[in-house]
Amino acid sequence: MLGGSLDLQTSKAAPAAALRLSTAQKAQSCSPGPPSVLRPGLLATGDVAASKRPFLTSHPSRPVLDNIEQTAVSSFGALESQPDFRTPEFEEFNGKPNSLFFNDGQRRIDFVLVYEDESKKETNKKGSNEKQRRKRQAYESNLICDGLHLEATRSVLDDKLVFVKVHAPWEVLCTYAEIMHIKLPLKPNDLKTRSSAFGNFSWFTKVLQVDESIIKPEQEFFTAPFEKNRMNDFYIQDRDTFFNPATRSRIVYFILSRVMYQIRDNVKKFGINKLVSSGIYKAAFPLHDCTFNHKSEDVSCPSERYLLYREWAHPRSIYKKQPLDLIRKYYGEKIGIYFAWLGYYTQMLLLAAVVGVACFLYGYFNQNNCTWSKEVCHPDIGGKIIMCPQCDKHCSFWNLNITCESSKKLCIFDSFGTLVFAVFMGIWVTLFLEFWKRRQAELEYEWDTVELQQEEQPRPEYEAQCTHVVINEITQEQERVPFTTWGKCVRITLCASAVFFWILLIIASVIGIIVYRLSVFIVFSTKLPETLNGTDSIQKYLTPQTATSITASLISFVIIMILNIIYEKVAIMITNFELPRTQTDYENSLTMKMFLFQFVNYYSSCFYIAFFKGKFVGYPGDPVYWLGKYRNEECDPGGCLLELTTQLTIIMGGKAIWNNIQEVLLPWVKNLIGRCRTVSGAEKMTPRWEQDYHLQLMGKLGLFYEYLEMIIQFGFVTLFVASFPLAPLLALVNNILEIRVDAWKMTTQYRRMVPEKAQDIGAWQPIMQGIAILAVVTNAMIIAFTSDMIPRLVYYWSFSVPPYGNHTHYTMEGYINSTLSIFNVSDFKNQSKGNPDPKGVIPTTCRYRDFRNPPGHEQQYKHNIYYWHVIAAKLAFIIVMEHLIYSVKFFVSYAIPDVSKSTKSKIKREKYLTQKLLRENHLKDMTKNMGVIAERMGAVVENNLRPKLE
């Protein structure tokens, strides 16, 4: 139901009576029943001592609860003989595979529970099976006692499986809609919608839009939190459709998560999640409304899954906009906001990709004009420059021109276009974040989640641990919390220590990769020339530096994937121990932990190459050693920028391939195996619930991993874009496919998720803002310290002409010679002295990449004046670039409000009209009641006066 929010306050305290069903309904469902549902606001799933949980709903009769308590001591010995327990009605499959109703055709299936019949399990643990059966019977009995209707049907393909269909009747839906503060329609929204700014291009945008004759626009409503005592105020035309299937599933899941099934050793256990994790139930899920490739035969069924597959997930719809309203209606706001954000991010990437490709083409077409690359490749310049060995003893002297091909490639990425693109991306990321805030505010209004935070209930796992009584500072009333302030500090300290330990583990793995680079470079320097002797075409491209870089990147990628798998489980354990209060708090806490880990895991190797490799190497006569043993790595004469580009390409490409394998092939293969196992019964007609059972479970954190994947990509696109201008293009292509792959996966391979509310993208928003701020610094430092742009500019404007240069005009000629310092071979220490060159000749001098004085100078091997000019220019460039981009970012952020003026007006207007509507209805009710009272008083007066008159 679309529409805005309103300022309508509902009852904060939900009394016990609000949870009780009507007398007639209780008589119908369960006469003597237990207090199986916990009070709203203090609800739980899991285990908690009964003596510490005084907030269970009271119930007029307690025979079943007493029976549970009695049998808890005796391990449920007499539970099966209790006559008070209610069991589901067993019905045979009626032969209607697409039916979404009980066998009576009237009661809609809102949820499905699946279990394996304990009497038919192939196991010797009969006692264990009996305990599981009795827990399940107690749980199902309490569901019936709380007003839910259950109907059980045995599997068509596997006689051991039993499907329990759950239906929530009208009275239960109304009761829990009020408890959960669910907003429901009051009347149709007659506010005029704003015309599109691209109305003149409707002929073009119509091609991209979803066909409205296929997916009809949703009607908008004024909404308000539901109240049973004001039911007449709501727009109830049909009780069967007033609560849509997504809302019904939310309400039923709310009940399932809070119904008790056991009391043992003064500990109450409750909740479907714990029952599924312990194996008592095999699955619990809401139903898809039809198959994804065929419409439902039921005319009343909207076949929304089929429409989503046809207009959203099918490859032929790849160019169309997403039907976000239908996604939100079918899967809930949480999934809807994810696809809205991913679609908006992909649209903004289009602009970045165009500019990035333009900068790449600029560098590509100008590479032949790259003077310093020509000098490297020239046989009389680069061919005659002998470079010093890059490792001790095993490495030989080498000629500069062997890096000819890498220098040509470097000209493509290390150009003036890269600087322009880095500045552009600093502004682009700000525009993206600010415009997304506006779009998010529009969705909050349209999807009615403006005041969602007031509605969110505590997590059941949190409430299960509420054993400490404290005084609320605001209300000055007693409330229960899971731990004291000291206990909270201890938990936070332990969690922070665990996260810090894993970050140190990643840093240790990075150090291991560095040691690998240092040690294997010696091997490649010794073996590659011998192995590739006579194959100049290969030797020209596969240098020791290139081989080391590629193999180290591949090993780094494998280590990253392994650590990811392990840390995911550790992060979930840490967050569970931390015990956040609401689901939003839980996800935000897990998000920060996972991202902090992933940030170090994915980006540490890139930061090393960009800012540390080749920066602290000393000079040939006095090299710097790692751990006192391994000589520090050096960059190619052209710098480490090309190696950073290689690292980014391997990690981004490898990550995309790995994720697609996980997201597409894995669920598809699992479902294929499941279908092969049941091929013997393939000719049988299977019901809707059994078809959905054989699909894959997405899990509560499935959407979290989708966000994490995209945010890591966002970091690659922004943090290191100065070294790889094609990153936005790769991200754009990946995201276009990602949207459709995720859509295909959700509509065809996974069970339907329980719809959840969400107001925004949560903690991912501040994470992206942090990345945007850091990206300005990293790109400025990449241009300054990793690329050779600043040294080239300093040479061009200062050192190519007098007093430092010999040229009469500004030029790049002689740049290579000026950036390579001279070293006297006789000054080598024994341990660092290299082997002779391939011809067996030991030169008297060699060159190395640095700005130092030559031998014989009064300050030989000390940094020369060129070095200090370059350092000053680099620092000045960083300061100017950072301040320039930050100033523009601040101005853009200030100039673009988070919520547009039209959206603010709509929200205020709707609040006003809604409150006016409710007041008018309230006055009508009061007038009507006063009229009835006046009539009754008149009748009483008339009856009293009539005898006197007679």
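Each chain has its residues counted from 1, following the order in which its sequence is written. Two thresholds apply to this predicted model, a pLDDT of at least 70 for residue-level local features and 80 or more for giving and counting side-chain atom pairs, whereas whole-chain, interface and lining totals are computed over all residues. Based on all heavy atoms of the structure, the side-chain values leave hydrogens and waters out of the count.

- Going by an unreviewed UniProt entry, the chain carries the name Anoctamin and comes from Mustela putorius furo.
- As recorded by UniProt, the Sequence similarities (unreviewed entry) comment attached to the chain reads in full: "Belongs to the anoctamin family." UniProt positions are given in the numbering used here, feature names are shortened, and annotations may be inferred rather than shown by experiment.

## A word on the environment of K165
Next up, step 1: You can see K165 is positioned in strand β5 (residues 161-167).
Next up, step 2: Measuring from C-alpha to C-alpha, the distance between K165 and F111 comes to 6.1 Å, with 54 residues separating the pair along the chain.
Next up, step 3: Residue contacts follow a heavy-atom distance rule, with two residues in contact if any of their heavy atoms lie within 4.5 Å. Other than its neighbours up to four places away in sequence, K165 contacts F102, N103, I109, F111, H149, L150, E151, T153 and W689. Secondary structure elements are taken from DSSP: a helix is a run of H or I of four residues or more, a strand is a run of E of two residues or more, and numbering for both begins at the N terminus.

## Some words on the pattern of salt bridges
Next up, step 1: In what follows, salt bridge is the name for a side-chain nitrogen of Lys or Arg lying within 4 Å of a carboxyl oxygen of Asp or Glu. Applying the stated criterion to the full structure yields 32 salt bridges.
Next up, step 2: Two residues, E89 and R107, come together in a salt bridge whose shortest N-O distance is 3.8 Å. One end of the pair, E89, is in strand β2 (residues 89-90); the other, R107, is in the loop between β2 and β3 (111-116), and 18 residues separate them in sequence.
Next up, step 3: Ionic pairing is found between K165 and E151, a salt bridge with its closest N-O pair at 2.9 Å. Of the two residues, K165 sits in strand β5 while E151 sits in strand β4 (residues 149-154), which places them 14 residues apart along the sequence.

## Describing helix α23 (residues 702-719)
Next up, step 1: In this scheme, a helix's expected span is set at 1.5 Å multiplied by one less than its residue total. For α23, built from 18 residues, the straight-helix expectation of 26 Å at 1.5 Å per residue is met to within 8% by its first-to-last C-alpha distance of 26 Å.
Next up, step 2: Each residue is placed in one exposure class: buried if its accessible area under a 1.4 Å probe, protein chains only, is under 20% of its type's maximum, exposed if it is over 50%, and partly exposed if it falls in between. Burial within α23 is extensive, with 17 of its 18 residues counted as buried.

## Observations regarding the packing of helix α15 (residues 416-446) against helix α25 (residues 764-786)
Angle between the axes and distance between the axes are the two parameters that describe a pair of packed helices.
Next up, step 1: Axis lines are fitted through C-alpha atoms, for helices just across the contact stretch, and the angle between N-to-C directions can take any value from 0 to 180 degrees. At a minimum axis separation of 10 Å, α15 and α25 run at an interaxial angle of 170°. As summarised for this structure, α15 and α25 are arranged roughly antiparallel, according to the angle between their axes. Residue-level inspection shows T418, L419, A422, V429, F432, L433, W436 and K437 of α15 in contact with α25, the latter providing Q765, M768, Q769, A772, N779 and I783.
Next up, step 2: When residue character is reported, Ala, Val, Leu, Ile, Met, Phe, Trp, Tyr, Cys and Pro are called nonpolar, Asp, Glu, Lys and Arg charged, and the others, Gly included, polar. Across the contact of α15 with α25, the residue classes break down as 9 nonpolar, 4 polar and 1 charged. When an angle is under 35 degrees it counts as roughly parallel; over 145 it counts as roughly antiparallel; between 65 and 115 it counts as roughly perpendicular; any other value is oblique.

## Focus on the nonpolar core
Next up, step 1: Among buried residues, the Ala, Val, Leu, Ile, Met, Phe, Trp, Tyr and Cys ones that are joined through side-chain atoms within 4.5 Å form a nonpolar core. Membership of the largest hydrophobic core comes to 144 residues, with the highest contact counts inside it found for Y331, W341, Y345, W428, F432, F716 and F720.
Next up, step 2: Here the element with the most residues in this core is helix α12 (residues 333-365); it accounts for 15 residues.
Next up, step 3: Residue contacts for F720: discarding those within four places in its chain leaves Y603, C606, F607, L648, G715, N779 and I782.

## Looking at the packing of helix α19 (residues 544-578) against helix α20 (residues 583-611)
Next up, step 1: At a minimum axis separation of 10 Å, α19 and α20 run at an interaxial angle of 160°. When the interaxial angle is binned, α19 and α20 end up roughly antiparallel. For the crossing formed where α19 meets α20, the hand is right-handed.
Next up, step 2: Its residues assigned to classes, the contact of α19 with α20 comprises 12 nonpolar, 8 polar and 3 charged. In a left-handed crossing the near helix is turned counterclockwise from the far helix by less than a right angle, and in a right-handed crossing that turn is clockwise.

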